[in-house]
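Listed below, chain by chain, are the residues.
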Amino acid sequence: MNITEPATIVDVALGDRSYEIAIGAGLISEAGERIAAVRPGVRVAIVTDTNVAAVHLPALEASLDAAGIAATPIVVSAGETSKSFDGLQHVVDGIIAARLERHDLVIALGGGVVGDLAGFASGIVRRGMGFVQVPTSLLAQVDSSIGGKTGINTPRGKNLVGVFQQPALVIADTAALDTLPEREFKAGYAELAKYGLIDRPEFFAWLEASWREVLSGGPARTHAIAEACRAKAAIVARDEFETGDRALLNLGHTFAHALEGATGYDGGRLVHGEAVAIGMVLAHRFSARLNQASHDDADRVEAHLRAVGLPTRLADVPGGLPGAEALLAYIAQDKKVSRGALTFILTHGIGQSYIAKDVPAEQVLSFLKESYDP
Ligand SMILES: NC(=O)c1ccc[n+]([C@@H]2O[C@H](COP(=O)([O-])OP(=O)(O)OC[C@H]3O[C@@H](n4cnc5c(N)ncnc54)[C@H](O)[C@@H]3O)[C@@H](O)[C@H]2O)c1
Ligand SMILES: [Zn+2]
């Protein structure tokens with residue numbers, strides 16, 4: 001049973017599109033009250049996936065019902081394939097069939113897949129409806145539910161079609177993570193640690209000491225998620241549309257996307273957060289190799305992620321990888337290469353990451369070659 005603790009509130013300051021993130025154990029059972037408070041008299045559609053519907057939909061429906069909010073569930077298949085034009089059509093059709101109006105709300109109950117899909121649908125039905133995120137994966141609670149990026153994949157690549165659509169409210173029930181598979185939890189942990197590595201060295205040190213309590217739940221988990229939300233909210237408030245600083249959120253992601261591409265986006269081999277864990281270690285090692293940071297910091301990052309149970313090296317990818325040239329090709333595909341130079345998020349040390357716009361491709365290649373055999 002969920003034990004309700006007082007919610008921690010984090011503000012996302014975006015002028016007239018500002019909103020609150022409420023974080024705490026048991027908050028799904030208070031969602032109806034919170035939604036009624038921001039949008040009195042509203043009707044809603046709840047977009048969720050098959051896995052999440054089985055464990056958390058009844059509690060959300062009961063809470064909405066108790067607050068007098070009529071709700072229509074729209075359930076999609078669990079998994080990335082729902083972030084497609086077919087999945088979008090299903091969700092859009094469900095919202096219209098429920099006769100929701102422009103001022104009504106779409107609630108995303110689930111991980112990043114549901115959040116991105118439902119958010120996009122809410123942004124285009126009736127030229128833009130209201131939207132509430134109820135993230136249920138750790139990745140969604142610390143990353144995808146905040147900041148307003150929504151969208152779907154196309155056969156030519158991930159996240160190529162979408163809109164910026166900020167939610168009106170985010171409700172992160174930290175106890176909902178108790179049903180998340182451990183592998184997914186750890187994958188989300190990589191994104192959590194990312195915020196310490198970007199610009200919060202004290203947070204990274206706190207995680208090194210407290211990660212076991214974060215995994216087991218309770219106040220430490222809520223604290224960690226709230227700190228991550230503060231970190232992301234601060235970056236998004238500075239640079240909502242990613243013209244500058246928001247790119248720091250891609251720490252480790254250039255390498256990660258190459259690893260995901262090289263493993264055919266096969267989650268059985270590598271899930272996104274695992275790729276990010278390896279990518280963040282590589283970003284620190286590469287920075288050290290370029291004399292920007294110390295090898296000790298890279299060792300520290302690797303030791304922590306490894307202790308948590310995340311992969312940290314190319315050799316950890318099950319089923320093997322293609323050679324360094326092939327990985328570089330994935331990186332060049334992911335990034336705009338201008339005159340042989342690549343943009344990377346590098347670091348001067350833990351919590352001191354920066355955007356490097358002119359990294360020569362041949363330095364990346366020689367670093368990758370070394371990384372196969374550290
Ligand atoms: N919009 C953004 O800013 C942003 C940022 C990062 C990632 N993303 C996107 O997020 C997606 C990945 O998100 P994800 O890792 O949450 O994947 P996901 O939504 O597929 O969830 C992972 C798995 O966990 C299950 N699940 C979720 N919550 C659960 C719970 N409480 N109990 C039991 N099972 C649960 C899901 O059904 C799924 O099988 C990707 O599509 C990625 O592109 C978006
Ligand atoms: Zn990520």
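Residues numbered from 1 in each chain as written. Chains lettered and ligands numbered in written order. Predicted model: local features only at pLDDT ≥ 70, side-chain atom pairs only at ≥ 80, totals over all residues. Heavy atoms only, no water.

Engineer: What is the right way to read the pattern of salt bridges from this model?
Structural biologist: Pairing is possible between side chains that carry opposite charge, provided their charged atoms lie close to one another. A full pass over the atoms with the stated rule returns 26 salt bridges. Arginine 238 is the salt-bridge partner of aspartate 245, the closest N and O atoms lying 2.8 Å from each other. For arginine 238, a relative accessible area of 47% translates into the label partly exposed. Measuring nitrogen to oxygen at the nearest pair gives 3.0 Å for the salt bridge that ties arginine 285 to aspartate 299. Of the two residues, arginine 285 is situated in helix α10 (residues 272-289) and aspartate 299 in helix α11 (residues 295-308); the sequence distance between them amounts to 14 residues. Linked through salt bridges whose partners overlap, the residues forming this network are Arg285, Asp299, Glu302, Arg306, Arg313 and Asp316. (Salt bridge = Lys/Arg side-chain N within 4 Å of Asp/Glu carboxyl O. Buried < 20%, exposed > 50% of the residue type's maximum accessible area, 1.4 Å probe, protein only. Helix = DSSP H or I, 4+ residues; strand = E, 2+ residues; numbered from the N terminus.)

Engineer: I'm lost on the site of ligand 1 in this one. Help?
Structural biologist: Surrounding ligand 1, one finds 25 residues, the nearest of these being Asp49, Gly112, Ser137, Lys149 and Thr179. Between ligand 1 and the protein, one listed contact pairs a nitrogen atom with a side-chain N or O atom of histidine 56 at 3.5 Å. For ligand 1, whose free accessible area comes to 860 Å², the fraction covered by protein is 86%. Within the residue set of the shell around ligand 1, elements represented by two or more residues are α2 (50-66), α4 (112-124), α5 (138-144) and β8 (157-161). Class assignment of the residues belonging to the shell around ligand 1 gives a composition of seven nonpolar, nine polar and nine charged. (Near = heavy atom within 4 Å. Polar contact = N/O pair within 3.5 Å; in protein donor to acceptor, adjacent residues only side chain to side chain. Areas by Shrake-Rupley, 256 points an atom, 1.4 Å probe, with all protein chains shown as cover. Nonpolar A, V, L, I, M, F, W, Y, C, P; charged D, E, K, R; others polar.)

Engineer: Hey, could you run me through the environment of glutamate 240 in this one?
Structural biologist: Structurally, the position occupied by glutamate 240 is in the loop between α8 (219-238) and α9 (253-262). Put simply, glutamate 240 and isoleucine 35 are 205 residues apart on the chain and 24 Å apart in space, counted from C-alpha to C-alpha. Those residues in contact with glutamate 240, other than ones at most four positions away along the chain, are Leu14, Arg17, Phe164, Gln166 and Arg246. Among the polar contacts made by the side chain of glutamate 240, one reaches the side chain of glutamine 166 at a distance of 3.0 Å. (Contact = heavy atoms within 4.5 Å.)

Engineer: What am I meant to see in the sheet that holds strand β4 (residues 71-76) here?
Structural biologist: Each strand in a sheet pairs with another by means of backbone hydrogen bonds, the pair being arranged parallel or else antiparallel. Read from one edge to the other, the open sheet built from seven strands follows the order β1-β2-β9-β6-β5-β3-β4, with strand pairing classed as mixed. Whereas interior strands pair on both sides, the edge strands pair on one side only; in this sheet they are β1 (8-12) and β4. Neighbour-to-neighbour, the strand axes of the sheet open up by a mean angle of 20 degrees, direction not taken into account. Relative to β4, strand β3 (residues 44-49) is paired through six bridges, and the arrangement is parallel. Following the sheet pairing, valine 47 is matched in β4 by isoleucine 74. The sheet contacts of helix α3 (residues 85-97) involve β3, β4 and β5 (105-110), and relative to β4 the element is tilted by about 165 degrees. (Pairing = 2+ DSSP bridges. Axes fitted to C-alpha atoms, helices over the stretch in contact; angles between N-to-C directions.)

Engineer: How should I be thinking about empty space enclosed by the protein in this particular structure?
Structural biologist: Summary: where empty space remains is shown by rolling a probe the size of a single water molecule over the atoms. Under the counting rule described, the total for this entry stands at one cavity of 30 Å³ or more. By volume, the largest cavity amounts to about 30 Å³. Taken together, the residues of the lining of the largest cavity sort by class into four nonpolar, three polar and no charged. (1 Å grid on protein atoms, 1.4 Å probe; cavity = no way out; pocket = protein on both sides within 12 Å on 5 of 7 lines; lining within 4 Å. Points joined across faces, edges and corners; volume = space filled by probe spheres on them.)

Engineer: When you look at the pairing of β3 in this model, what are you seeing that I'm missing?
Structural biologist: Two faces make up the sheet, and in a regular strand the side chains alternate between them. In terms of burial, β3 is largely enclosed, as six of its six residues are buried. Alternating residues of β3 divide into Val44, Ile46 and Thr48 and Ala45, Val47 and Asp49, and every residue in both groups is buried. As a crossover connection, the stretch from β3 through α2 into β4 is right-handed. In this sheet, β5 lies alongside β3 in parallel orientation, the contact comprising five bridges. The residue of β5 that forms the bridge with threonine 48 is leucine 109. (Right-handed = clockwise from strand over helix to strand, strands pointing away.)

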